Amino acid sequence: VSGPVTETWTIAQGSLKGTVYYNSYSSALVGGGVQNGAVLSIKPGGTAQLLIGGTGPGTCTVCHAVSANGSTLIAAHPTPSAGNNYQSSSAYDLKNNATQVYSKDTSADYAFGGLYPDGSIFMSLATFASSNAADYPQAPNVPGTQAVGAHPAQLIDTKTGAVIPAPGWDGVVSNSVTPAFSADGSKIAFTHYDKDQGHTLAVMSFALASHTFSTLADVATDPQNFLCWPAFTPDSEWVIYQTDNRADYGTWNSANTPPGTFDAKGDLYIAHLPSKTTARLDGVDGYANGQLYLPYGAVEATLNYEPTVLPVAVGGYYWVVFTSRRDYGNTIVTSNQEDQPRKKLWVAAIDIDNPEHPSMSAHDLSHPVFYLPGQEEAAGNSRGFWALDPCQANGTSCLTGDQCCTGYCRQTSGADGGSTFSCVAPPTGCSLEYEKCAQDGDCCPCGSGEQTKCINSFCAC
């Protein structure tokens, strides 16, 4: 007999929102007895659903991105006439059953594009003339795209594919990769490949009305690792990003890697934009008080990739979803990290405020992670892109204001004399949690009496 043993758990006072859209290359949901790359979706508390993809040539749809408001998805897929290289692009309307609204068979510009929050435009990745992964990052540009020709990163109209002039970007930033807009659309983060071939992360301001970029600032540099896949927190003050030891930003073994070993190493870091300071997210990466807490030790460490962040705060925290090849308790335990079941989506809470760090420089804001339930255990899943669900019109039932196009969800009377919660026109008075706001003072006090914050135009406790 030993003990007593005491554990302390923190329960966030809220329910996670939106949908996680992710790639799976071995999902049984594709059907037809053929496992092929597809985009799947999963809601918190739900199970995986096939969204886009299928069997046979030209149906593998991958390398996706989703707008923060959940309206638009862009992705790449093979071109049968080009030997099934990934030279095709498509855009899909998530408000209408993922209907394809644009397709082009001679460009993979839409692969991993950085979508503006409303899905109307996006920043493409630069494509390079060389296919040598030692010289250029091959993975973000998708194998085969080099055959289409080299060109710089460009601002593109999502529904037409037309290149949009972008003052302050054109001629200033060229070979940038892994772009991502902030949830409010005021900033863009990207790998500043022009500077040092992938070792620096940069941020610029953006004005939608004029499509103008300004104030180029490098916020993180690592001479030993490559910095990629940035994701803003909802307040646009912090950027979570991946460090990677591979020049292609990949998460797989090299062709000449000995069996049983793993050469791709990734961890998640955070950059504080005002102070231009960085810190490792120890809680996410598996460390507590400087010690690795993962149950199987070092073999599970440095296997964390591709973060994205829910665009709103929930329960007093921000939320990040990311890919990891760590084990899952005694349910997913294999000796080879390349095995498909080891590639899964995990979630972590990120502190909004930390009073222990009044200087507001970068520090670990993360908590230990949990497995995203509802995934297929046998499938290899990656690049979970977390977005809100498309907003609903007035009169539609709702739970909270972020589900409504007006931004307000209130109790209403039904025709039968009962009451329900529905999307409504902007009411008078203060805004409730998750409803629209322009500043902190627009928000009603939280139930516990603490100050409510206006974060990304939504009230948050």
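Coordinates for the structure precede this section.
As the structure is a prediction and not an experimental result, all values here were calculated from the model. (Residues numbered from 1 in each chain as written. Predicted model: local features only at pLDDT ≥ 70, side-chain atom pairs only at ≥ 80, totals over all residues. Heavy atoms only, no water.)

Examining the nonpolar core
By size, the foremost hydrophobic cluster in this structure holds 24 residues, and its most contacted members are I240, I270, L281, V284 and I350. Apart from the residues within four sequence positions on either side, V284 is in contact with L268, N304, F322, R326, A348, S366, H367 and V369. Counting residues in each nonpolar core, the second largest holds 21 residues, with V30, V321, L345 and W386 among its members. (Core = buried A, V, L, I, M, F, W, Y, C linked by side-chain atoms within 4.5 Å. Buried < 20%, exposed > 50% of the residue type's maximum accessible area, 1.4 Å probe, protein only. Contact = heavy atoms within 4.5 Å.)

Quick notes on the state of the cysteines
A complete count under the given rule lists seven disulfides for this structure. Disulfide pairing places C391 opposite C405 at an S-S distance of 2.1 Å. Where C391 bonds to C405 through sulfur, the torsion about that S-S bond is close to 85 degrees, and the disulfide is right-handed. Of this pair, C391 sits in the loop between β26 (381–387) and β27 (409–413) while C405 sits in the loop between β26 and β27; the two residues are 14 residues apart in sequence, bridging distant segments of the chain. Look at C391 and you get partly exposed, because its relative accessible area is 41%. Owing to a relative accessible area of 45%, C405 belongs among the partly exposed residues under this scheme. Here C446 pairs with C461 through a disulfide, and the sulfurs are 2.1 Å apart. (Disulfide = S-S within 2.5 Å. Helix = DSSP H or I, 4+ residues; strand = E, 2+ residues; numbered from the N terminus.)

Details of unusual backbone geometry
The omega angle of the peptide bond from G3 to P4 is 5 degrees, so this bond is cis rather than trans. Even without glycine at this site, T215 takes up a positive phi of about 55 degrees. Tracing the sequence through the fold places T215 in strand β15 (residues 212–221). T215 gets classed as exposed once you look at its relative accessible area, which sits at 59%. We note that S236 has phi near 65 degrees; this positive angle belongs to a residue other than glycine. Looking at where S236 falls in the secondary structure, it is placed in the loop between β16 (226–232) and β17 (238–244). Under the relative-accessibility criterion, S236 is labelled buried at 1%.

Some details on the sheet that holds strand β12 (residues 177–181)
If you trace the four strands from one edge of the open sheet to the other, you get β12-β13-β14-β15, paired in antiparallel fashion. Of all strands in the sheet, those bounded by a partner on one side alone are β12 and β15. The average angle at which neighbouring strand axes cross in this sheet is 20 degrees, direction not considered. (Pairing = 2+ DSSP bridges. Axes fitted to C-alpha atoms, helices over the stretch in contact; angles between N-to-C directions.)

Description of the pairing of strand β18 (residues 266–272)
Counted residue by residue, β18 has six buried out of seven residues, so it is predominantly covered. Relative to β18, β17 runs antiparallel, the two sharing seven bridges. If you follow V239 over to β18, its bridge partner there is A271.

Structural notes on the pattern of salt bridges
Applying the stated criterion across every chain yields a total of six salt bridges. K17 is the partner of D402 in a salt bridge, and the nearest nitrogen-oxygen pair spans 3.4 Å. Highlighted residues: D402 in the loop between β26 and β27 and K17 in the segment before β1 (19–24), separated in sequence by 385 residues. A salt bridge links D218 to K195, with the shortest nitrogen-to-oxygen separation between them at 2.9 Å. (Salt bridge = Lys/Arg side-chain N within 4 Å of Asp/Glu carboxyl O.)

Remarks on the sheet that holds strand β3 (residues 49–53)
The strand order β3-β2-β1-β26 describes an open sheet built from four strands, whose pairing is antiparallel. The open sheet terminates on both sides in strands that have one partner only, identified here as β3 and β26. Going from strand to strand, the sheet's axes swing by 25 degrees on average, the running direction of each strand aside. Bridging between β1 and strand β2 (residues 38–42) involves five bridges; their strand directions are antiparallel. By the bridge assignment, Y22 is partnered in β2 with L40.

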